[in-house]
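Each chain is listed here by its residues.
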Amino acid sequence: MKNILKKLLLGKATRGPKSKFNPLEKRFQNIKAIWNNDHEDDNGLEKIVRLLLSSSQLLFPGIYIKYLANKKGVEYEDLAVDFYVLLKVWFPLLILINHWQVYHWVIGILIYVFLETVFYIPTLIFASDMFSRPRSYKRSMLLLFFNYLEISFAFAVLYSCDNYLNKPFLHWFDAIYFSIITSSSIGYGDYHPVTTIGKFLVTTQALLFLFFVVLFLNFFSSKIKAKGYFDHENPD
């Protein structure tokens, strides 16, 4: 049974070459590369934003989970990231189903891990110097889909925290329904914001998903054809 699970979850990843640098070392190299203009001749606001984006990943648990899992092997690093992403998808669902919105510390944790995903997307686009292409593009696209679900479910929790809309949600799935409809810009009209906070949340979600879908997916699909995130090769 153990061998079956290992074959299912790890596959042939154990045969891949081990990187000379762990995830934390790569992140610090990334920040250094941006600072020294190793790959981009940027300055001013662009360079400041790229440095902030790259440094922001050090504020969240994802990179430290990758670092700890990497000590056991590169295949376990990928597996740990997969489980972490799935956990972040399930967390807002658990909040909705169990009505945990009344606990402010729960909402605080939700916003914290939600911001990690929000910052990760522009970091990958604008501030990932020194990072080579992923081992699997299909896996990257699958994780991107789960990122989309996570953000949608997180907004659903935020909508359900108070009476921001024209009528209350009668079921926990109503919040998810409204969030998905908002992100897709359909807008049936059965639910709509009536408070300033509600309008702010809807506007933020619409702008975020415009950025997420149009900019990132267009970037990612073009890089798939080029067989790499970036023009340079970096096997480490």
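Looking at an unreviewed UniProt entry, one finds the protein chain named Potassium channel family protein and attributed to Flavobacterium taihuense.

1. Some thoughts on the side chain of Thr182
Relative to the helices and strands, Thr182 resides in helix α8 (residues 172-183). The class of Thr182 is buried, set by a relative accessible area of 11%.

2. Some details on helix α3 (residues 44-56)
With 13 residues, α3 ought to run about 18 Å at 1.5 Å a step, and its terminal C-alpha atoms sit 18 Å apart, in line with that. Where α3 is buried, its residues meet α2 (23-35) and α6 (104-126).

3. Let's talk about the side chain of Asn70
By the secondary structure assignment, Asn70 is in helix α4 (residues 62-70). At 2.8 Å, the side chain of Asn70 forms a polar contact with the side chain of Glu77.

4. Points about the nonpolar core
Ranked by size, the top nonpolar core spans 34 residues in total, and within it Phe114, Ile151 and Phe155 carry the most contacts. Contributing elements (two or more residues each) for this core: α5 (74-98), α6, α7 (137-159), α8 and α9 (196-225). Ranked by the residues each element gives to this core, the list is headed by α7, at eleven residues. Discounting residues that sit within four places of it in the chain, Phe114 has contacts with Glu150, Ile151, Ala154, Phe155 and Leu208. Counting residues in each nonpolar core, the second largest holds eight residues, with Leu24, Ile31, Leu51 and Leu53 among its members.

5. With respect to the environment of Pro61
Secondary-structure assignment places Pro61 in the loop between α3 and α4. For Pro61, a relative accessible area of 26% corresponds to the partly exposed category. Taking the C-alpha atoms as reference, Pro61 lies 9.5 Å from Tyr84; in sequence the two are 23 residues apart.

6. Some details on a nonpolar patch on the surface
Taken together, the side chains of Leu94, Trp100, Val102, Tyr103, Trp105 and Ile109 present a nonpolar region at the surface, about 620 Å² in accessible area. Within the element layout of this structure, Trp100 appears in the loop between α5 and α6. With relative accessibility at 30%, the residue Trp100 sits in the partly exposed group.

7. As for the UniProt feature "transmembrane region" (unreviewed entry) in the protein chain
UniProt annotation of "transmembrane region" (unreviewed entry) refers to residues 79-97, 103-128, 140-159 and 200-220 when read in the numbering used here. Within residues 79-97, the helical portion is 100% and the strand portion 0%, while the C-alpha atoms at the span's ends are 27 Å from each other.

What counts and what doesn't
Residues numbered from 1 in each chain as written. Predicted model: local features only at pLDDT ≥ 70, side-chain atom pairs only at ≥ 80, totals over all residues. Heavy atoms only, no water. Helix = DSSP H or I, 4+ residues; strand = E, 2+ residues; numbered from the N terminus. Buried < 20%, exposed > 50% of the residue type's maximum accessible area, 1.4 Å probe, protein only. Expected span 1.5 Å × (residues − 1). Contact = heavy atoms within 4.5 Å. Polar contact = N/O pair within 3.5 Å; in protein donor to acceptor, adjacent residues only side chain to side chain. Core = buried A, V, L, I, M, F, W, Y, C linked by side-chain atoms within 4.5 Å. Patch = residues over 30% accessible without salt bridge, like charges linked within 9 Å, V, L, I, M, F, W, Y side chains within 5 Å. Areas by Shrake-Rupley, 256 points an atom, 1.4 Å probe, with all protein chains shown as cover. Salt bridge = Lys/Arg side-chain N within 4 Å of Asp/Glu carboxyl O. UniProt positions renumbered as here; feature names shortened; annotations may be inferred.

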